[in-house]
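Coordinate inspection notes
Chain residues, written in single-letter form:
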Amino acid sequence: MSRRTILVTGGAGHVGSHVVEMLLADPENHVISLDNYFNGREENHIPGADYRRGHTKNIEQLIPETPDMIYHLGEYARIAPSFEDVEQVWDMNIAGTFAVVEFCRKRHIRKLVYSASSTRFAIEGDGRHQNPYSFTKATNVDLISDYGRWYGLPYAICYFYNGFGPRENGDGKYATLIAKFERASRKREPLTVVRPGTQKRAFTYVKDLARGIILVGEKGKGDGYALGSPKSYSVLEIAEAFGGKIEMVDGYPGRTESENDATKARQELGWEPTVDVMEYIRGLRTSAG
């Protein structure tokens with residue numbers, strides 16, 4: 001059996017590094033990561049992967065190979081900062097993803113797997129127009145779906161719900177919530193919660209996300225694979241689970257709810273989440289003493 005060449009964009013990021021790691025468990029896979037290290041980190045590198053540094057809009061020059069499959073995770077992926085980073089959001093998510101989709105069309109890639117954003121399904125009106133990040137992600141779903149219609153591009157689209165777990169970034173303005181709270185808790189600093197604090201998220205373990213993404217690549221077809229925990233928790237509930245002082249602050253709270261329907265992923269792929277975020281936080285607190 002010949003080796004498969006698989007490209008993971010954003011392969012040095014939080015979720016992408018776990019996708020790379022799981023793909024490498026199969027010795028028949030040659031895994032290439034393309035990452036611009038905007039949010040990816042070299043300490044997330046997995047032995048055995050082939051790492052390329054660069055922007056996805058330069059994919060033609062950076063990837064001379066023709067991969068069998070592409071997992072496209074390499075985009076700007078933060079909501080609140082996207083208002084001030086709008087030029088970078090457009091550059092990475094619109095220009096970059098257009099180049100990836102064109103690469104797939106020209107090279108006749110067997111399948112493109114796209115990691116879309118669950119913010120598209122926000123209950124407060126049309127989620128795609130709530131912020132620059134959500135707009136670009138929803139626009140890319142339309143682009144990929146239309147390339148499937150226009151050019152016969154084989155694709156599958158999955159939706160993330162607030163990943164947490166190993167290799168999560170807890171520093172700076174691009175920090176994600178669980179890692180940010182873990183860092184503050186270990187340093188005995190206040191946990192800052194954006195008002196009102198009742199906004200809920202379906203926190204999903206990163207290895208469950210990575211496993212789901214790979215299943216989408218192996219078995220999925222078309223749109224609609226939600227990869228999210230069936231139970232949502234408010235940001236305030238998460239902060240209280242860590243213990244310590246909580247400081248309420250003003251800011252962009254995002255959507256009110258984060259409920260999801262993982263029926264398609266469960267029925268077609270056999271995917272189920274395995275780790276509840278509250279269990280994970282209890283484990284963190286126990287290890288911290």
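Residues numbered from 1 in each chain as written. Predicted model: local features only at pLDDT ≥ 70, side-chain atom pairs only at ≥ 80, totals over all residues. Heavy atoms only, no water.

Describing the overall build of the chain
The line we're drawing: Counting from the N terminus, the helices are DSSP H or I runs at least four residues long and the strands are E runs at least two residues long. The reference for a compact globule is 2.2 Å times residues^0.38; the radius of gyration itself is calculated from the C-alpha atoms. Here's how the labels work: a residue is buried when its accessible area is under 20% of the maximum for its type, exposed when over 50%, partly exposed in between, all with a 1.4 Å probe on protein chains only. Residue contacts are counted whenever heavy atoms from the two residues lie within 4.5 Å of one another. Calculation of accessible area relied on Shrake-Rupley with a 1.4 Å probe; when residues are assessed, cover is drawn exclusively from the protein chains displayed.
Along the backbone of the chain there are nine helices and 13 strands. In terms of C-alpha radius of gyration, the chain reaches 18 Å, essentially the compact-globule figure of 19 Å for 289 residues. Seen through its C-alpha atoms, the chain measures out along the principal axes to roughly 55 × 40 × 35 Å. Counting every position in the chain, which comprises 289 residues, the buried fraction comes to 54%. For the chain, restricting intrachain contacts to residue pairs at least 6 apart in sequence, the fraction spanning at least 24 positions comes to 78%. For the chain, the exposed area adds up to about 12900 Å²; of that, 50% sits on carbon and sulfur atoms.

Here's the deal with the pattern of salt bridges
Put simply, the test is: Any carboxyl oxygen of Asp or Glu within 4 Å of a side-chain nitrogen of Lys or Arg constitutes a salt bridge here.
Under the counting rule described, the total for this entry stands at 19 salt bridges. In this structure, Asp142 engages Arg128 in a salt bridge whose closest nitrogen and oxygen atoms are separated by 3.0 Å. Highlighted residues: Asp142 in helix H4 (residues 132-151) and Arg128 in the loop between strand S5 (111-117) and H4, separated in sequence by 14 residues. Residue Arg128 is classed as buried on the basis of its relative accessible area, which comes to 17%. If you follow the salt bridges from partner to partner, you end up with Asp50, Arg52 and Glu65 in one network.

Brief notes about the packing of helix H5 (residues 177-186) against helix H7 (residues 235-242)
Going by this rule: Axis lines are fitted to C-alpha atoms, over the contacting stretch for helices. Their N-to-C directions set the angle, which ranges from 0 to 180 degrees. The sense of a crossing depends on the near helix, which, turned anticlockwise from the far helix by less than a right angle, makes the crossing left-handed and, turned clockwise, makes it right-handed. Gly is put with the polar residues, along with every residue not named as nonpolar or charged; the nonpolar set is Ala, Val, Leu, Ile, Met, Phe, Trp, Tyr, Cys and Pro, and the charged set is Asp, Glu, Lys and Arg.
Where H5 meets H7, the closest approach of the two axes is 10 Å, and the angle between their N-to-C directions is 30°. When the axes of H5 and H7 are compared, the crossing they make is right-handed. Residues Leu177, Ile178, Phe181, Glu182 and Ser185 of H5 touch H7, and the partners they reach there are Val235, Ile238, Ala239 and Phe242. Its residues assigned to classes, the contact of H5 with H7 comprises seven nonpolar, one polar and one charged.

Considerations on the packing of H7 against helix H9 (residues 277-288)
The line we're drawing: Any angle that is under 35 degrees is reported as roughly parallel, and any over 145 degrees as roughly antiparallel; angles of 65 to 115 degrees are reported as roughly perpendicular and all others as oblique.
The geometry of H7 relative to H9 is characterised by a closest axis approach of 9 Å and an angle of 25° between their N-to-C directions. The pairing of H7 with H9 is recorded here as roughly parallel in orientation. In this structure, H7 meets H9 at a crossing whose hand is right-handed. Across the interface between the two elements, Glu237, Ile238, Ala241 and Phe242 from H7 touch Val277, Met278, Ile281, Leu284 and Arg285 from H9. When the residues that make up the contact of H7 with H9 are grouped by side-chain class, the tally is seven nonpolar, no polar and two charged.

On their own, these measurements won't tell you what the molecule is for.
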